[in-house]
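Residues per chain are reported as follows:
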Amino acid sequence: MIRSLPLRLYSGLGIAVLLVLLVGFTTINSLEKQAKEADLVRHTHQAISYVRDIRFSIMQIRGGRRAFWVTNDPKDMDAYEKGITFIPNRMIELREFVKDNATQVANVMKLDSLITDLLRYWRTGGIISHDMPAENFKKIILLEEVRLAKINQQIEKVKILEEDILIKREAVVLSYNDRTKLILYIGISVLMIVVLLLINAVIQTLKSRYKAGLKLQATLEETEKASKIAQEKNWVLEGMSYINNRLQVVDSSEELARRIITAMVQYLEVPAGVIYFVDPKTEQLVTVASVAVSSSSKKSFVIGGRSSW
């Protein structure tokens, strides 16, 4: 269990790193695609705005031409003067924004052709003057309206297709957004599970180590007790061997007692010692041998009674 802890940690950390890399790569990829689609959405909005600008400018010119015939005020032709430059430039920009869609490019090219025809008509056969007869004015207006109707129809076609494209692109952006959120949610959830498993593995290993430490401590204590008992037994056995080695070739009980007490004093490392025998005749304990005890201090003891000198 202890040796498996580094393996578990390294495995878990490896999985966590792989998850972070995978989630990061997928998220970045999704965000890049989302950014591209969002840019296309902005282009679509801009294209729709350009179409509206073109229509608005044409309508302003249309109204200004009619007002000029009535008022003969040159200011009414300001819209025309600005529009003949503004509209072609807007058409160039519009073509640039719709170049990613072949159908829309064809629609814009047709619109450009119709607008060019209208501008040419305004410069040539559709010129309006204040003093022109009403019949001539009416004829010019009718021909103008025919061209304007075709332009409005084509503008509406471009606008409708561009709005459909916008809806699709916005849906793609939303799908990428949802996909990014889902990836993040799943990645974070799995990463949290891995982290929790790692924490659990560490806790379990620490618990196992703690239990093993307690068990080892108990084993050491038991070993120390057993060692102490063994040392005591060895000490006794060594003492008996030590004494036995000094009891070889003994001729009398007094010599035996002397050797025994001498050996015991030496082995026990005590300052003095006395050994007594029981005298069966007097029923007294009589000193037989002693070490480091003066002769005057010899005593005899009545068993069950007081000592006597």
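Every value quoted in this text rests on a predicted model; they were computed, and no experiment measured them.

Enquirer: Quick one: what's the story with the overall build of the protein, residue by residue and with numbers?
Expert: Regarding its fold elements, the protein presents five helices and four strands. Counting from the amino terminus, helix and strand elements in the protein follow one another as α-α-α-α-α-β-β-β-β. In terms of overall dimensions, the protein is more spread out than a globule: its C-alpha atoms have a radius of gyration of 59 Å, far above the 19 Å expected for 309 residues. Viewed in the frame of its principal axes, the protein has a C-alpha envelope of about 180 × 35 × 25 Å.

Enquirer: An account of the nonpolar core is requested, with residue identities and associated values reported.
Expert: Counting residues in each nonpolar core, the largest one holds 30 residues, and the members touching the most others are Ile-58, Leu-94 and Ile-115. Residue contributions to this core peak at eight residues, all from helix H3 (residues 102-123). When sequence neighbours within four positions are dropped, the list of residues in contact with Ile-58 reads Ile-87, Ile-115, Leu-118, Trp-122, Leu-148 and Ile-151. Within the second largest apolar cluster, six residues are counted, among which are Ala-257, Ile-261, Ala-289 and Val-291.

Enquirer: How would you explain the environment of Thr-262 if you had to name every residue and give the values?
Expert: Note on placement: Thr-262 falls in helix H5 (residues 253-268). Residue classification places Thr-262 among the partly exposed positions, given a relative accessible area of 24%. Along the backbone, Thr-262 and Ile-243 are 19 residues apart, and their C-alpha atoms lie at a distance of 8.9 Å.

Enquirer: Please set out H5 residue by residue, giving values where relevant.
Expert: Its 16 residues give H5 an end-to-end C-alpha distance of 22 Å, which sits within 8% of 22 Å, the value for a rise of 1.5 Å per residue. Buried within H5 we find Ala-257, Ile-261, Ala-263 and Val-265. Positive phi shows up at Glu-269, right after H5, with a value of about 55 degrees.

The rules behind the values
- Residues numbered from 1 in each chain as written.
- Predicted model: local features only at pLDDT ≥ 70, side-chain atom pairs only at ≥ 80, totals over all residues.
- Heavy atoms only, no water.
- Helix = DSSP H or I, 4+ residues; strand = E, 2+ residues; numbered from the N terminus.
- Rg over C-alpha atoms; globule rule 2.2 N^0.38 Å.
- Core = buried A, V, L, I, M, F, W, Y, C linked by side-chain atoms within 4.5 Å.
- Buried < 20%, exposed > 50% of the residue type's maximum accessible area, 1.4 Å probe, protein only.
- Contact = heavy atoms within 4.5 Å.
- Expected span 1.5 Å × (residues − 1).

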